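Geometric and topological summary
Next come the chains, spelled out residue by residue.
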Amino acid sequence: MGMNIEEFSKLPHKKKSWHVAKLYLNKCTVKGFIVNGKPNADFFKIQNWLNHNEEGNLALLFRYLTNIEDKEICTLSSLFDKAMNLSSKVHINANSAQTAKQYERKSVEEWLNG
């Protein structure tokens, strides 16, 4: 069983970028993480780039990558876009449901008459 988001959030920043880079290479590239018994040549470049990203971005990418079932071949920038879009949709749906619950239903006459 893989790591969950709670375990991921407790890791140091460099470990987070390591896990996200590994997931990205396994799920979003043709070659994968291990090539000829060694990490993919791009792994350390990707990990270094991820090291310069905020914790929130790494968590967002981790959530997205752990939720996709099959390979989704894409660049890092399109991965960010996909993760941001999914996060926005989830956030909007959660807020919409909460907002709808907050409002009490009244008829127009009740509202006008106070």
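All of these numbers come straight from a predicted model, not from anything done at the bench. (Residues numbered from 1 in each chain as written. Predicted model: local features only at pLDDT ≥ 70, side-chain atom pairs only at ≥ 80, totals over all residues. Heavy atoms only, no water.)

Per the counting criterion, the structure on display carries 6 aromatic pairs. Relative to Phe80, the ring of Trp49 has its centre 5.6 Å away and its plane inclined at 85 degrees; by these criteria the two rings are edge-to-face. Taken together, the positions of Trp49 in helix 3 (residues 43–51) and Phe80 in helix 5 (residues 76–102) put the pair 31 residues apart, joining distant regions of the chain. You can call Trp49 partly exposed: its relative accessible area is 41%. A residue is classified by how much of its surface remains accessible, and Phe80, at 13% relative accessible area, is buried. Chaining the aromatic ring pairs together yields one cluster made of Trp18, Phe33, Phe43 and Phe44. (Phe/Tyr/Trp six-rings, centres within 6.5 Å; stacked < 30°, edge-to-face > 60°. Helix = DSSP H or I, 4+ residues; strand = E, 2+ residues; numbered from the N terminus. Buried < 20%, exposed > 50% of the residue type's maximum accessible area, 1.4 Å probe, protein only.)

Secondary-structure assignment places Gln47 in helix 3. With near-sequence residues (within four places) excluded, Gln47 lies in contact with Lys14, Ser17, Trp18 and Ala21. (Contact = heavy atoms within 4.5 Å.)

Glancing now at unusual backbone geometry. Look at Asn36: it is not a glycine, yet its phi comes out positive at around 55 degrees. With respect to the secondary-structure elements, Asn36 resides in the loop between strand 1 (34–35) and strand 2 (38–39). Judged by its relative accessible area of 76%, Asn36 falls in the exposed class.

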